[in-house]
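Remarks on the overall topology
If you want the building blocks of each chain, they are given just below.
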Amino acid sequence: LRGMSALESLEDSRVAKLRPLLPAACVLEQCAYNDAAAATVLAGRQAVRTLGDKLLVVVGPCSPHDSASTLAYAAKLAELARALSGDLVVLMRCNYAAPDSSEWRGLVMDPELNGSLNINKGLRQMRELLVAVNSLGLPVACEFVDTIVPQYLADLVSWAQVGHGSSQLRVHRQLASGLSMPVGFEVPRHAGASAADAINEAGKAHPFIGVSKQGVAGVVHTAGNKDCHAIVAGDARVGEVCEVLTAAGLPASTVVDCSAEDDQSAAAKRIGELVASGSAAVSGVVLKSFLVSGVQPLTSARTKGPAASSGPAVLGMSVTTPCIDWSETQALLEGLAAAARARRAAPSKAGVPATSAAEGPGGALFRESASQLPTDNLRIRGVQALVPAACLQEELPPIEHVASLVRATRGTVQQLLCGSAPDGRLLVVAGPCCIHDVDATLQYAARLADAAKAFEGELCVLMRCCYAAPDASPWHGAVMDPELNGSLNINKGLAQMRELMQAVNQLGLPVACEFVDTIVPQYLADLVSWSQVGPSKCQSRLYAELSSGLSMPVGFEAAAGASEMAVRAIRLAAQAHPFIGVSKQGVAGVVHTTGNKDCHAIVAGDARVGEVCEVLTAAGLPASTVVDCSAEDDQSAAAKRIGELVASGSAAVSGVVLKSFLVSGVQPLTSARTKGPAASSGPAVLGMSVTTPCIDWSETQALLEGLAAAARARRAAPSKAGVPATSAAEGPGGALFRESASQLPTDNLRIRGVQALVPAACLQEELPPIEHVASLVRATRGTVQQLLCGSAPDGRLLVVAGPCCIHDVDATLQYAARLADAAKAFEGELCVLMRCCYAAPDASPWHGAVMDPELNGSLNINKG
């Protein structure tokens, strides 16, 4: 505990680390079920609910450990299930957790069987397995041992089991009350009454703490599950448990877990005899079965890690508890089918189990809902789950030599643009306007990497890898729409962009990027050596605040006639700021930055270099710029003029930006589409931009040669301008702050921390809308829509009046009371709304009522 604060020593002192978990919604999106699987699930649930005189058989391995052999077993079982469907309802047992007595944790927790605990892989692998089994027309049964994994798998399960060790636990009864399928509670030995208690409790509505599909902790409110029944461990206690159920007013019928007996085949045969005699005391059986009988050591099945087996594993043999083999399974199922036929023909010895009162498929089922507020999200169709940045960084982690390259390049760029000892080199950022074709981009990157090495004495070359298309483009860019067809597969886009940046960096070519929002940097910024803020965003305080937390140097592009805006942005970005963003885990929070002093000006075109340098000098900033040549109609000519200026010895230019690709020009977006209704009928031009025109590779190479020559000439010539002033920022390798969720050496270096933010749903629950308030909001929206956009305006005038920004609640309410009276007095002529703005103007030193409600910089945002 040495070095810990008192508070830190009390919290998480035995937690080694917290690893990110993919949200269920992302796994469901990545491993979606098909129509056949969905039909199987619904049919399986309905078949169990309306079992009638058939016998339920749940059969399969104790815990699947090998997908290939499990699917081979499933194919055989599906065929047999169809053959016996007149007498049996057959489900395949697919448990994701191993028994507590096993050294292995199960397929979800340890899919590689070696203790590596790659749980995100396990969740995907288990879900893919369940989809595949259901797609064979074979419904799935599963035992749920926690309240989180059901969010990932339950939509593919037709029947669930709660084991004898869990059926007495309240949390598992609460979980069962919210599951969409029938659930069996296994009766512990000498505790028959607990099964009746569990069934009755699960039939009621409950709240319990769990997680949403988006992976956010919350309170789950259930509707109750009346499709619950008892499971008996072994056949000896069937009569005893039925008596307990009868006394509790529940159906006197059970499912028997034959695998609880030492000889489960003998137990199954005894159950068959009981069923054939006409007894309705047994509705089903559970069997542990696999391709090969017995059990093999876990080490035999390992294929990776230090404990990997030196010999071949036995395909289709359990690694947890013994199973019967396929031939014995087939014989037992045929015997149980014969028993069900015999019971159908025999006089019944007991009443048919009572019908479940639960709603069947297609009814108005209880669903998790983001909001039921009558005035909220009326134009929001849904919220698509986003893979947390921490998960993507775990799947595509930074490689050590890439991290070293990024760190070194950031230091070099900082020295070239803001440093006290520039080495005379020129920064060159070159690449396509926006990435749309990974293969063509990597071909271009390979050529640029070779050129960068050839000119490394004169140029510091970075490749432009922008994920967002220009605002004027109909396309959203590589992250938002990686398939170029409006499908908006954003998770694919994020992964594809991160993978591309990794690949470019691995060529020894550093990456530059323009960040256009506050969220995507969490996914990509650790791979970026220089960033740009475009002219339209340079005036926004938000982008200065974002830049104050970025770990790399940032250039602000000065719009024509607005050089002072770039100066203002540079100064703002150098300060510490808070802004609302997301953590690496994808949870909304307040990001606290340390400030970024490695910021500079970018000039759109070469004509205004002198003017911008004068503004920078007057502001006490380094009088040196990066010139965006692509802002000119002829960027080659602009780059040549810059080369002449540099060769003359001027230090007014530290770098240039070029839009360049393999082929010059621009092609229509439809030409590059390969999927969707608007897919191109002809071939796309490989390496040609789909957003704005680029110069081709040969012209790029010639410009690089010319700029390298200019840098050599400047190094030899007497300087015509002072060396850029030293940046006060800490150089690479210093003791920089890091967000605790990430230990990446190139990521979030200027983030002091992410403050937790109360979820909107919680605030809306604490301060719910009052019905007459909701009615007023709805009515006023309609009135305003008619006044401003409607076909039948009533002649009234809309008036919005109120303070610039709320700072004093009491005074504001006094004002509101007066304005409400005036609004009523003039309601025939005016539609009056009160202005209630939470943010202060950008020019104000105060952040506004939400960010700083106490007006003292304490930033109590949740209070605000």
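The rules behind these values
Residues numbered from 1 in each chain as written. Predicted model: local features only at pLDDT ≥ 70, side-chain atom pairs only at ≥ 80, totals over all residues. Heavy atoms only, no water. Pairing = 2+ DSSP bridges. Helix = DSSP H or I, 4+ residues; strand = E, 2+ residues; numbered from the N terminus. Axes fitted to C-alpha atoms, helices over the stretch in contact; angles between N-to-C directions. 1 Å grid on protein atoms, 1.4 Å probe; cavity = no way out; pocket = protein on both sides within 12 Å on 5 of 7 lines; lining within 4 Å. Points joined across faces, edges and corners; volume = space filled by probe spheres on them. Nonpolar A, V, L, I, M, F, W, Y, C, P; charged D, E, K, R; others polar. Contact = heavy atoms within 4.5 Å. Phe/Tyr/Trp six-rings, centres within 6.5 Å; stacked < 30°, edge-to-face > 60°. Buried < 20%, exposed > 50% of the residue type's maximum accessible area, 1.4 Å probe, protein only. Disulfide = S-S within 2.5 Å. Salt bridge = Lys/Arg side-chain N within 4 Å of Asp/Glu carboxyl O.

Here 8 strands make up a closed barrel; going around it, the order is β11-β12-β13-β14-β15-β18-β19-β20 and the pairing parallel. On average, each strand axis in the sheet is inclined to that of its neighbour by 30°, with strand direction left out of account. With 4 bridges connecting them, strand β18 (residues 599–604) and strand β19 (residues 625–628) associate as parallel partners. Bridging from a neighbouring strand, Ala604 pairs with Asp628 of β19.

The full count for this structure, using the stated rule, is 3 cavities of 30 Å³ or more. Of the volumes computed, that of the largest cavity is approximately 150 Å³. Lining the largest cavity are 17 residues; nearest its centre among them are Pro521, Gln522, Phe579, Asn748 and Ile751. Within the residue set of the lining of the largest cavity, elements represented by two or more residues are α17 (521–524), β16 (578–582) and β21 (751–756). In terms of residue count, β16 provides more of the lining of the largest cavity than any other element does, 3 residues in total. Per-class residue counts for the lining of the largest cavity are 9 nonpolar, 6 polar and 2 charged. Within this model, the second largest cavity holds a volume of roughly 70 Å³. Along its surface, the second largest cavity is lined by Ile435, His436, Asp437, Val438, Trp475, Ala478, Pro482, Gly493, Gln496, Met497 and Leu500. When residues in the lining of the second largest cavity are grouped by element, the largest group, 4 residues, is from helix α16 (residues 490–506). Here the residues of the lining of the second largest cavity are counted per class, giving 7 nonpolar, 3 polar and 1 charged.

Pairing is parallel around the closed barrel formed by 8 strands, whose spatial order is β1-β2-β3-β4-β5-β8-β9-β10. The average angle at which neighbouring strand axes cross in this sheet is 30°, direction not considered. Sheet topology places strand β5 (residues 183–187) next to strand β8 (residues 228–233); 5 bridges connect them, and they run parallel. Bridging from a neighbouring strand, Val183 pairs with Cys228 of β8. Seen against the sheet, helix α10 (residues 264–276) touches β1 (55–60), β9 (254–257) and β10 (282–288) and runs at an angle of roughly 165° to β10.

It is worth spelling out the packing of aromatic side chains at this point. Across all of its chains, the model carries 6 aromatic pairs by this definition. Their ring planes at 70° and their centres at 6.0 Å tell us that Tyr444 and Phe661 sit as a pair that is edge-to-face. Taken together, the residues span a long stretch of sequence, with Tyr444 in helix α15 (residues 438–454) and Phe661 in the loop between β20 (653–659) and α22 (669–672) at a distance of 217 residues. Take Tyr444: its relative accessible area is 0%, and that puts it in the buried class. The exposure class assigned to Phe661 is buried, which follows from its relative accessible area of 1%.

Our focus in this paragraph is the state of the cysteines. For the structure shown, the criterion picks out 0 disulfides. Here Cys62 is not disulfide-linked; the sulfur of Cys323 is the nearest cysteine sulfur, at 6.4 Å. Cys434 supplies the cysteine sulfur nearest to Cys433, a cysteine that is in no disulfide, at a spacing of 6.1 Å.

For the coordinates displayed, the defined rule picks out 21 salt bridges. Among the salt bridges present, the one from Glu395 reaches Arg124, with a minimum N-O distance of 2.8 Å. Taken together, the residues span a long stretch of sequence, with Glu395 in helix α13 (residues 389–395) and Arg124 in helix α5 (residues 119–135) at a distance of 271 residues. In this structure, Asp235 engages Arg270 in a salt bridge whose closest nitrogen and oxygen atoms are separated by 2.7 Å. One end of the pair, Asp235, is in the loop between β8 and α9 (238–247); the other, Arg270, is in helix α10, with 35 residues separating them in the sequence.

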